[in-house]
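# Secondary and tertiary structure notes
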Amino acid sequence: MSNRSVFGSRLAIVLATAGSAVGLGNIWRFPFMTGQNGGAAFILVYFACVLLLGIPGMVSEFIVGRHGQSNAARAYGSMGNKGWRFIGYLGILTSTIILGFYAVVAGWCLQYLYASIAGHLDGDASYVINYFKTFSSHPLKPCLWAVAFVLITHLVVAQGVEKGIERASKLLMPLLLLLLVILVVASCLLPGAGGGIEFLLKPDFSKVSGNVFLEALGQAFFSLSLGTACLCTYASYFKRDTNLLRSATQIALLDSGIAILAGLMIFPAAFSVGVQPDSGPSLIFITLPNVFQQAFSAMPVAGYVISILFYALLVFAALTSTISMHEIGTAFFHEELKMPRQRAAWVLTVVCAVIAVFCSLSVGAYSDLQLFGMSLMDFCDFLTAQLMLPAGAFLTSIMLGWFVSRQLVQEEFTNGGSLKATFFWTWLFAIRYVVPVCILLIFLHQFGIL
């Protein structure tokens, strides 16, 4: 597909692909895990896991995507055996399901941004708790916000790679970083913030154990979007001279840096008012609104502005992720079913909106919407995170490490020999032995076997 769109610059590649990795998990999960697992010691373990699993895994998906220059299914099929298209299909299905239930939480962020602007989050802790319960259990409002977020994502993706995804990434990622830095500075200047900074960044190696390593391994895997076909799809828009290893390293560092900054935003503010932050939606929608209100009680206007900036940050972080997940299916329908891009985007938008509505209802007004004893939303999360994602990433590493022609893989890694193959053999060893073992460890840990 010689007339296929490509990202216009190296900056666009890094910002767009890092945007696919940066999401709500960076804001709530990484800081909590860091604080609970040895602070800076966990960060060091996490970086080791990024080197062992994250960067080699990213390069693998980059190789498949850039070589195929097409949607994920066709790209995997172009690696020498059409049977490998199955991995691409798996990635497309996985990302579609994830976008469906992810849009529910993203819609909550959008609602809370509106509520912050309208001043609806002012009140004591019990008020904030009841506000979230009332909103999330409403039969209509959460569904409308979730569908609205899918539609916003649609508007970007339907514009195409250069006018839509690249332009949005160049706007959203710098804005996200700017908001994050402003919030970090405001949080760190609060009285008693030093305790939060110390909690996050002081290494406590006594807490480092095999379990901490497995937690860090899982965080590296999920944070970098391995197994979703996001990286493969975005790499199909890379130019042929893109240095894949350098791009993967830059993206991993940017993703990790944003996660650490998120910790510097959350913990100092929480410690300044004596609140122990927890993980998950309760941190974002119950704990932090109360933290901001208490921390800036002497400066109500500052608290009002900080709350707005925080939820704007969450919306931007969610949007950079949903754009990449939407593009995976859109590219598939556009190229495989020969649909015009606008129609292809609408097909995926409708499918994801339907999933979002049912997932939203299953954790709200219609809690009897269950599968295997779980709410529909929790089931979708379980199915993708614990089964489909590890399977896709594992099969990719096995395919490239053992079945694809080594010459083909080396040519892609070195851009046809124009780059030195200094790290090729290290990467090949990692993809053959280290990455599959790491993914198996993650899989076993998730099911409580390790």
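Residues numbered from 1 in each chain as written. Predicted model: local features only at pLDDT ≥ 70, side-chain atom pairs only at ≥ 80, totals over all residues. Heavy atoms only, no water.

Now for the overall build of the protein chain. When helices and strands are tallied, the protein chain shows 18 helices and two strands. Its C-alpha atoms put the protein chain at 65 × 50 × 45 Å along the principal axes. Taken across its 450 residues, the protein chain has 58% of its residues classed as buried. Pairs at least 24 apart in sequence give 81% of the contacts found in the protein chain among residues at least 6 apart. A total accessible area of about 17,300 Å² is found for the protein chain, and carbon and sulfur atoms account for 67% of it. (Helix = DSSP H or I, 4+ residues; strand = E, 2+ residues; numbered from the N terminus. Buried < 20%, exposed > 50% of the residue type's maximum accessible area, 1.4 Å probe, protein only. Contact = heavy atoms within 4.5 Å. Areas by Shrake-Rupley, 256 points an atom, 1.4 Å probe, with all protein chains shown as cover.)

Tracing the sequence through the fold places Q446 in helix α18 (residues 424-446). Sequence separation between Q446 and N37 is 409 residues; the distance between their C-alpha atoms is 17 Å. Apart from residues no more than four positions distant in its own chain, Q446 is found in contact with F222, A385, Q386 and P390.

With that settled, consider the nonpolar core. Grouped together as the largest cluster of nonpolar side chains are 154 residues, with contacts concentrated most on F7, F310 and W427. Of the residues forming this core, the biggest block, 19 residues, is contributed by helix α14 (residues 300-336). Not counting the four nearest positions on each side in its chain, F310 is found in contact with I27, L183, M265, I284, L288 and F292. (Core = buried A, V, L, I, M, F, W, Y, C linked by side-chain atoms within 4.5 Å.)

Attention now moves to the state of the cysteines. If you walk through the whole model with that rule in mind, you get zero disulfides. Between C109, a cysteine without a disulfide, and C359, which holds the nearest cysteine sulfur, the sulfur-to-sulfur distance is 16 Å. We classify C109 as buried; its relative accessible area is 0%. No disulfide involves C230; its nearest neighbouring cysteine sulfur is the one of C232, lying 10.0 Å away. (Disulfide = S-S within 2.5 Å.)

Below, the discussion takes up helix α12 (residues 244-272). Its 29 residues place the ends of α12 43 Å apart at the C-alpha level, agreeing with the 42 Å of an ideal helix rising 1.5 Å per residue. Looking at where α12 begins, the residue whose side-chain oxygen comes 3.3 Å from the main-chain nitrogen of L245 is N243. After α12 finishes, the residue G274 shows a positive phi value of roughly 70 degrees. (Expected span 1.5 Å × (residues − 1). Polar contact = N/O pair within 3.5 Å; in protein donor to acceptor, adjacent residues only side chain to side chain.)

Turning next to unusual backbone geometry. The backbone phi angle of A229 is positive, close to 75 degrees, even though this residue is not glycine. Counting through the fold element by element, A229 comes out in the loop between α10 (210-223) and α11 (230-235). Classification of A229 as buried rests on a relative accessible area of 5%. A positive phi angle, near 55 degrees, is found at N415, a position not held by glycine.

Scanning the model with the defined rule gives seven salt bridges in all. Put simply, E412 and R66 hold a salt bridge, and the shortest N to O gap is 3.1 Å. With E412 in helix α17 (residues 406-413) and R66 in helix α3 (residues 40-68), this pair connects stretches of sequence that are 346 residues apart. With a shortest N-O distance of 2.3 Å, R341 and E327 are connected by a salt bridge. Here E327 lies in helix α14 and R341 lies in helix α15 (residues 341-362), a separation of 14 residues in the sequence. Considered together, R341 and E327 belong to a single accessibility category, that of buried residues. Salt bridges sharing common partners tie together R66, R240 and E412. (Salt bridge = Lys/Arg side-chain N within 4 Å of Asp/Glu carboxyl O.)

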